[in-house]
Amino acid sequence: MKSAWIICRRELDSYFTSPIAWLLLTLYSIIFGFFFWNYLGDFVIEGMEMQMSGQMQPMSVNEQIIRPLLANTTFLGLFFVPLITMRLFAEEKRNGTIELLATSPVRDIEIILGKWFAATILYCMILLFGGINFAFVFRYGHPDWKPMLIGYLGVVLQAAALLAVGTFISTLTKNQIIAGASTFAACLLLWVFSWVSGYDSSTWAQVLSYMSVPVHYESFGRGVLSSKDAIYYLSVMFLGLFFTARSMESLRWRS
Amino acid sequence: MITVTDLTKRYARTTAVDHISFSVNKGEIVGFLGPNGAGKTTTMRMLTCFFPPTAGTATVAGFDVFSQSMEVRRHIGYLPEAPPLYLEMETIEYLRFVGRLKGLAAAELEKRVAFVLDRCAIADVQHKLLGKLSKGYRQRVGLAQAIIHNPDVLILDEPTSGLDPKQINETRELIKSLAGDHTIILSTHILPEVEQTCEQVIIINKGKLVATDSVHNLQARARGAESVLLAVAARTGSFGAQPVQTRLERIPGVSRVLVKEQLERGAVFEVEASKGQLVRGDLARAIVESGWDLNELRSSAISLEEVFLQLTGSGAATESPEPGSEAPPPSTDFPAPEANA
């Protein structure tokens, strides 16, 4: 596993020496900042209106700011995941550096885990940048931090699962754009599978709906730690990495 | 150090490498020669455990490439045809990364990095981004990463391709200087490279082993002969090449006489004779006694290029180098026909 860490560190260095990491951090901060500003604005106006009309109803920072913001963050993952994973293997294949990795005394699984760790760590860093906004919520309000933490756990689990899918797709091509576009399509499909449950309740529709990513975030979003949903995300991660390993193996046998 | 037995690699439609067997002793520097598409890279990739063979076995430093792949990888340094560089990294960062990847301990790492920076003469670019380096430097960084863990065996895939003549010479010198510490296999389709760098040569063509021998023997082989160039002219009147040729062919020991060049009042002949026959005196006497002028007589070594063309069956050596040139120019790309696969 030491080799996985060596590869992970190189990947992170590479993200940060190229503009990719900085670009993603900037874009995420802008978009998340805008979301935050909107929800906060809504919250403040509603509070003032209630005060003026004298009809006080319970208001919750957790329910009205943090929860919808985190739900939006999972949605942003749809766009950020392909941008992070598309280069992982495609770039190595194009530059020929895959030959260096594949002929070093390192097992394939260590290469894969190293790369996937790096992608996940970068994603967490991006989340952290958005999280800065919450510092203000905690400074001026008194939200409950536990559901927020569970919400973030859900966001990270979901991202890690989609990143594993993206890692797999990146091994299939030399072309980063193809890898990125296919990853986006795959993530989007996983996103919308649950739509079938709207009009169909047959078994296959239920299976398809179960495969849908956002369905499993709902419990985390409510602040409920659900092992059933955590298992779903862990299985997607496992499957994604498993297919990545098979794909690397076939690279060796076929190429 | 390297033993290859019936190594075979089949792709979906083609057989890239077909039952190749050879062995390389410790400390040798071996040229792996063949036209483009002959299966050189495929063989090297099997030796470096990039992919497994379809059939046959190969052992490197006593370890099997298939069942003991991790051990083999620890004992091999590999420079693929395109140096595997991360262009966004600095030279020194990159070498540290490769060193760690090859399993060097932290204490050893800095020593080895300093050593290869010096050995490959890249210390002056250690803080430059790899993407900004010239091709010659990139090649040397590629060599540096191959030797960073002091491997027993070095496998270099066309280490001089795409370099200018000066860089080619520098790279060759560097490779030669590495030969003492490492066993080296280098592939190339450039013949002078083998003649200048290697002791042994393995020739493959269309996936099959054609010859394996020392460079010296191979040069003497094929026509098993020395060749002599004769410039003959008529003393007076017109000159016909035919009678001269017939006369020369009658000399004992001469196996073949070719008209190399027709001059205005003479011709240049290439005479091949079996070695040790010392035909030069007989040739001179025959020419002079028959009333012709002998303007020039010198022996010319049969170049490896001709041997190679014969062995790979690529037709007659029509484009052999100028008869006079001592050594062929270093960058002559050998005009091999496009082989399929």
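Residues numbered from 1 in each chain as written. Chains lettered and ligands numbered in written order. Predicted model: local features only at pLDDT ≥ 70, side-chain atom pairs only at ≥ 80, totals over all residues.

Bringing the overall build of chain B into the picture now. Summing up its helical and strand segments, chain B has 11 helices and 14 strands in all. A burial count over chain B gives 41% of its 341 residues as buried. For chain B, long-range pairs separated by at least 24 residues make up 68% of all intrachain contacts whose partners lie at least 6 apart in sequence. (Helix = DSSP H or I, 4+ residues; strand = E, 2+ residues; numbered from the N terminus. Buried ≥ 20, exposed ≤ 12 C-beta atoms within 10 Å, placed from the backbone. Contact = placed C-beta atoms within 7 Å.)

Residues and elements named next belong to chain B. Taking 1.5 Å per residue, 14 residues should reach 20 Å; helix H6 (residues 165–178) reaches 20 Å between its end C-alpha atoms and fits that length. Considered for burial, the residues of H6 that qualify are Ile168, Thr171 and Ile175. When H6 is viewed along its axis, its buried side chains cluster within an angular range of 70° and face the same direction. With respect to the buried face of H6, the exposed residues turned more than 90 degrees away are Lys166, Glu173 and Ser177. Along its buried surface, H6 packs onto helix H5 (135–147), strand E7 (153–157), strand E8 (183–188) and helix H7 (191–197). (Expected span 1.5 Å × (residues − 1). Arc of directions from axis to C-beta.)

Before going further, it helps to examine the domain arrangement of chain B. With domains assigned, chain B is organised as domain 1 (2–220) and domain 2 (225–300). Taking only C-alpha atoms into account, the centre of domain 1 of chain B sits 45 Å from that of domain 2 of chain B. (Domains from an automatic or database assignment.)

A few words now on the nonpolar core. Core analysis: the largest hydrophobic core is formed by 124 residues, its most contacted members being A:Ala161, A:Leu163, A:Ala164, B:Val30, B:Ala144 and B:Ile155. The contact partners of A:Leu163, leaving out residues within four places of it in the chain, are A:Val81, A:Ile84, A:Thr85, A:Trp116, A:Ala119, A:Thr120 and A:Tyr123. B:Leu230, B:Ala273, B:Leu283 and B:Ile287 belong to the second largest nonpolar core, which has 15 residues in total. (Core = buried A, V, L, I, M, F, W, Y, C linked by C-beta atoms within 7 Å.)

Residues and elements named next belong to chain B. Position of Val194 among the secondary structure elements: in helix H7. The class for Val194 is buried, based on 27 C-beta atoms found within 10 Å. Residues Val194 and Val215, 21 residues apart in the sequence, show an inter-C-alpha distance of 7.7 Å.

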